[in-house]
Amino acid sequence: SDDLCFRFECGEFLRASEVLTIHGHADVEEKEDNGDLILHPSESFAKLYRNKTTGSSKKGIGRKTQNINKNFVPLSTYTAPGEWVAVHCNGNLYLEECVNPPTIQRDRDGWRYEVVCESGVRIRKGPSFLADFTGSILQRSASILVNEQVIGDGETITWLRLKDGRGFINNIGEQGEIIAKKKTDKKNGGNDASYKLIARLFHPPEVSKSTR
């Protein structure tokens, strides 16, 4: 639907199938009267990846043909409707490319965690310490269901998406303290998946200070 919109929070990982960068007459360097350089950055947008069948497995197409076709993307995929997000525009950076993909595990039924930190934990809108707080706090001994676990490349912190949709919490604090523990290692039949994703969202004011 044209009225449908998505909101991605700071810290979330996205996978893109295409990146479009627009260069125009404004993408030139100018100098003010005092000699200071004025930069007019280009605009860049990423098309969100969608795993769709390309039709190479149609009945009657031989295996050899299928193997050849899978190496090529049909022209129709470039003109098909899709969802686009800004990488950078109007001088603001919204996405930062990831060199290595994160590990993302999902479970439809969820894992059970318990908050063990004495002071509890504040819920964030996204899986990042740069993400805004939601205003809600989980108190110690709170039992929660988590349907997504996100670990950035090289990180020891696991970000836990609350199954009820309230947001994310971290299992380990910034000082290394334990925040939440999994109550059981048994999963309820969900599927784990690791994805190669293009970028992680950042708030524009913070991105220049981040090393992520």
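Here we summarise the structure given alongside this text. Keep in mind it's a predicted model, so treat the numbers as computed, not measured. (Residues numbered from 1 in each chain as written. Predicted model: local features only at pLDDT ≥ 70, side-chain atom pairs only at ≥ 80, totals over all residues. Heavy atoms only, no water.)

### A few points about the pattern of salt bridges
Link 1 in the chain: Taken as a whole, this structure holds six salt bridges when the rule is applied.
Link 2 in the chain: Note that Arg140 is salt-bridged to Glu118, the shortest N-O span being 3.0 Å. Of this pair, Arg140 sits in the loop between β11 (133–138) and β12 (143–151) while Glu118 sits in the loop between β9 (103–115) and β10 (121–124), and the two are 22 residues apart along the sequence.
Link 3 in the chain: Between Arg166 and Asp164 there is a salt bridge, with the nearest N and O atoms lying 2.7 Å from each other.
Link 4 in the chain: Three or more residues are tied together by salt bridges with common partners; here these are Glu12, Arg106, Glu148 and Arg161. (Salt bridge = Lys/Arg side-chain N within 4 Å of Asp/Glu carboxyl O. Helix = DSSP H or I, 4+ residues; strand = E, 2+ residues; numbered from the N terminus.)

### Section: the pairing of β12
Link 1 in the chain: Note: β9 against β12, eight bridges, orientation antiparallel. Bridge assignment links Gln105 to a residue of β12, and that residue is Gln149.
Link 2 in the chain: Pairing of β12 with strand β13 (residues 159–162), which is carried by four bridges, proceeds in the antiparallel orientation. Each bridged residue has a counterpart across the sheet, and for Gln149 the counterpart in β13 is Leu160. (Pairing = 2+ DSSP bridges.)

### Structural notes on the nonpolar core
Link 1 in the chain: The biggest cluster of nonpolar side chains holds 14 residues, and the ones touching the most others in it are Tyr113, Leu138, Ile144, Val146, Leu162 and Ile169.
Link 2 in the chain: Mapped onto this core, the elements with two or more residues apiece are β9, β10, β12 and β13.
Link 3 in the chain: Within the second largest apolar cluster, eight residues are counted, among which are Phe13, Cys98, Ile104 and Phe168. (Core = buried A, V, L, I, M, F, W, Y, C linked by side-chain atoms within 4.5 Å. Buried < 20%, exposed > 50% of the residue type's maximum accessible area, 1.4 Å probe, protein only.)

### Overview of a nonpolar patch on the surface
Link 1 in the chain: There is a patch of nonpolar side chains on the surface, built from Leu20, Ile22 and Trp84 and spanning about 270 Å² of accessible area.
Link 2 in the chain: For Leu20, the position within the fold is in strand β2 (residues 16–22).
Link 3 in the chain: Taking relative accessible area as the criterion, Leu20 reaches 41% and is therefore assigned partly exposed. (Patch = residues over 30% accessible without salt bridge, like charges linked within 9 Å, V, L, I, M, F, W, Y side chains within 5 Å. Areas by Shrake-Rupley, 256 points an atom, 1.4 Å probe, with all protein chains shown as cover.)

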